[in-house]
Amino acid sequence: MSNTAIVGVNWGDEGKGRMVDLLSEDFDIVVRFQGGGNAGHTVINDKGKFALHLLPSGIFREGIINVLGNGVALDPENLWKEICETRSKGVSITPENLMISSRASLLMPWHRELDELEEARLADRKFGSTKQGIAPFYSDKYQKKTVLAGELFYPERLKSHIRGLAEWKNLTLKNVYGAKEWTEAMLDEWVDGCCERIKPFICDTTGEFLYNSQINGMRILFEAQLGSLRDIDYGIHPYTTSSNTLAAYAPIGSGCPALKIGSVIGVVKAYSTCVGEGPFVCEMFGEEADRLRREGFEYGAKTGRPRRVGPIDLVATRYGAFLQGATEIALTKLDVLSYLDKIPACVHYEIDGKTTGRFPFPAALDSAKPVIEYLDGWRCDISGARSFEELPEAARNYVLFVQRWIGVPITYVSVGPERESIIIRK
Ligand code: GDP
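Conventions adopted
- Residues numbered from 1 in each chain as written.
- Predicted model: local features only at pLDDT ≥ 70, side-chain atom pairs only at ≥ 80, totals over all residues.
- Heavy atoms only, no water.
- Helix = DSSP H or I, 4+ residues; strand = E, 2+ residues; numbered from the N terminus.
- Rg over C-alpha atoms; globule rule 2.2 N^0.38 Å.
- Buried < 20%, exposed > 50% of the residue type's maximum accessible area, 1.4 Å probe, protein only.
- Contact = heavy atoms within 4.5 Å.
- Areas by Shrake-Rupley, 256 points an atom, 1.4 Å probe, with all protein chains shown as cover.
- Near = heavy atom within 4 Å.
- Polar contact = N/O pair within 3.5 Å; in protein donor to acceptor, adjacent residues only side chain to side chain.
- 1 Å grid on protein atoms, 1.4 Å probe; cavity = no way out; pocket = protein on both sides within 12 Å on 5 of 7 lines; lining within 4 Å.
- Sits in = over half its atoms within 2 Å of the grid points.
- Pairing = 2+ DSSP bridges.
- Axes fitted to C-alpha atoms, helices over the stretch in contact; angles between N-to-C directions.
- Parallel < 35°, antiparallel > 145°, perpendicular 65-115°, else oblique.
- Left-handed = near helix turned anticlockwise from the far one by under 90°.
- Nonpolar A, V, L, I, M, F, W, Y, C, P; charged D, E, K, R; others polar.

It is not clear to me how the overall build of the chain should be interpreted in this structure. Could you clarify?
Counting secondary structure elements, the chain contains eleven helices and 21 strands. A compact globule built from 426 residues would reach a C-alpha radius of gyration of about 22 Å, and the chain, at 22 Å, matches this within 12%. Projected onto the principal axes, the alpha-carbon positions of the chain cover approximately 65 × 50 × 35 Å. Per-residue burial over the chain gives 58% buried out of 426 residues. Of all intrachain contacts in the chain linking residues separated by at least 6 positions in sequence, the fraction that spans at least 24 positions is 76%. Accessible surface, the chain as shown: approximately 17700 Å² in total, 51% of it carbon and sulfur.

Next comes the structure, spelled out in structure tokens:
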């Protein structure tokens, strides 16, 4: 396999982590290139069940080198917690299998606090942030008001840099939100605590390492967080995340802009889910929604929040696959639909009396209504199927129907959360 990106085509939570966990066997390096610890990948494998937030999902495989690229929001406190929790279940995490780019910016403790304060100020107009500080972090990054991980190796410079940033940030905390100020002692504790602990993993050579690995024929897997519709530039603005969730950003966010991506596996869920606020054209409500949520266990990995649910949205999915430049699709959670007699699928939107298959400008989504087609259900357990032919005809028809609408081959069909619950169609 050439360098490959595994990316979300929808709103996130498509099952990217389970796909990376499955496919990482064929790769030498797994890189996280954007986002922070605000979402979670759930991975179930021979070592147990894990909710990963920032660690790349290749961490479970021996011999794989995992990289946190410069594009991630590096939260030292939460990363250290995650390393300890994952280690406690017998997973080895050392500077030999985890490299952090010295150019990754540090998520400061005040970013999480500011996220909470702003959501509280917005009250019923809130964005539905997970309050992990991601939006304040990325805004500060682009104002150049963050600290780079590599600065931990320059203690004097670091101290005065943080002091200057705190002076500036305290103005907002105190005067805008009436919150407490960060003192030098509190920040020293943060540096001497969690920052010191992640320091051994930070290195200045991740870019060269990735470049040389490519030249030497090693295979690199890029792992994204969230999905196309949450991309800061192309998603449902302003209900996006604050970074680029697209495969095109992977080389930049990983530390080596010259990397080439050979294939892009777009992960699509067999139905729709969305966390947080914003337009969600296909949303179901009431008992119908509760049942789908229960069957798919659709509760946030990080927050436990019930996810909003609906039928597959093929208008949004086709747009999402296009944004990702998906060369193949992994369709996940097909087994969850096994309880349905008839399976709804949104094939068009109706906007101001006109039917369209084109995903519109975000403002037009407010008045969009889903045009639904129904397909026959299969009403039996499909979680044991390991080949396409083993699936009942109605399930095969559903997969082919989705493939036709997206226009990209579905090469993987996932029928359960476990590593082996997969059908490969190649
Ligand atoms: P990610 O962030 O894209 O990795 O997705 P999440 O981990 O947030 O959500 C995917 C959830 O679905 C996890 O709990 C997975 O264990 C589970 N999952 C993944 N694929 C399947 C599948 O094919 N069937 C079922 N039933 N669960 C799945």
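Could you clarify how one ought to interpret the site of the ligand in this entry?
Close to the ligand lie 17 residues; G17, H41, T42, D335 and S414 are nearest. At 2.9 Å, a side-chain N or O of D13 approaches an oxygen atom of the ligand. Relative to its unbound accessible area of 590 Å², the ligand is 91% covered by the protein chains. Using a 2 Å cut-off from the grid points, one finds that the ligand occupies the second largest pocket. Listing elements by their share of the shell around the ligand, those giving two or more residues are α1 (16-23) and β3 (41-45). Sort the elements by how many residues they give to the shell around the ligand and α1 lands first, with three residues.

It is not clear to me how the sheet that holds strand β1 (residues 4-8) should be interpreted in this structure. Could you clarify?
Remark on secondary structure: sheet strands pair via backbone hydrogen bonds, oriented parallel or antiparallel. Spatial ordering of the open sheet is given by β10-β7-β5-β2-β11-β1-β12-β16-β20-β21, a layout of ten strands whose pairing is mixed. Looking at the sheet topology across the chains shown, the edges are occupied by β10 (202-203) and β21 (422-424). Inspection of the sheet shows β1 paired to strand β12 (residues 263-269) by five bridges, in the parallel sense. Bridge assignment links I6 to a residue of β12, and that residue is I265.

It is not clear to me how the packing of helix α2 (residues 76-88) against helix α6 (residues 184-198) should be interpreted in this structure. Could you clarify?
When two helices pack together, their arrangement is given by the angle between the helix axes and by the axis-to-axis distance. It is the contact of α2 with α6, at a shortest axis distance of 9 Å, that shows an interaxial angle of 50 degrees. Taken together, the axes of α2 and α6 lie oblique to each other. In the crossing of α2 with α6, the sense of the turn from one axis to the other is left-handed. Contacts between α2 and α6 involve P76, E77, L79 and W80 from the former and W190, C194, C195, R197 and I198 from the latter. Considering only residue class, the contact of α2 with α6 consists of seven nonpolar, no polar and two charged.

Explain unusual backbone geometry here, please?
Keep in mind that most residues, glycine aside, have a negative phi and that most peptide bonds are trans. Backbone torsion omega between H237 and P238 reads 0 degrees, so that peptide bond is classified as cis. Within the secondary structure, P238 sits in the loop between β11 (220-227) and α8 (250-254). Here D13, not a glycine, exhibits a phi torsion of approximately 60 degrees, which is positive. Relative to the elements of secondary structure, D13 occurs in the loop between β1 and α1. Residue D352 is not a glycine yet carries a positive backbone phi of 50 degrees. Looking at the secondary structure, you find D352 in the loop between β17 (342-351) and β18 (354-356).

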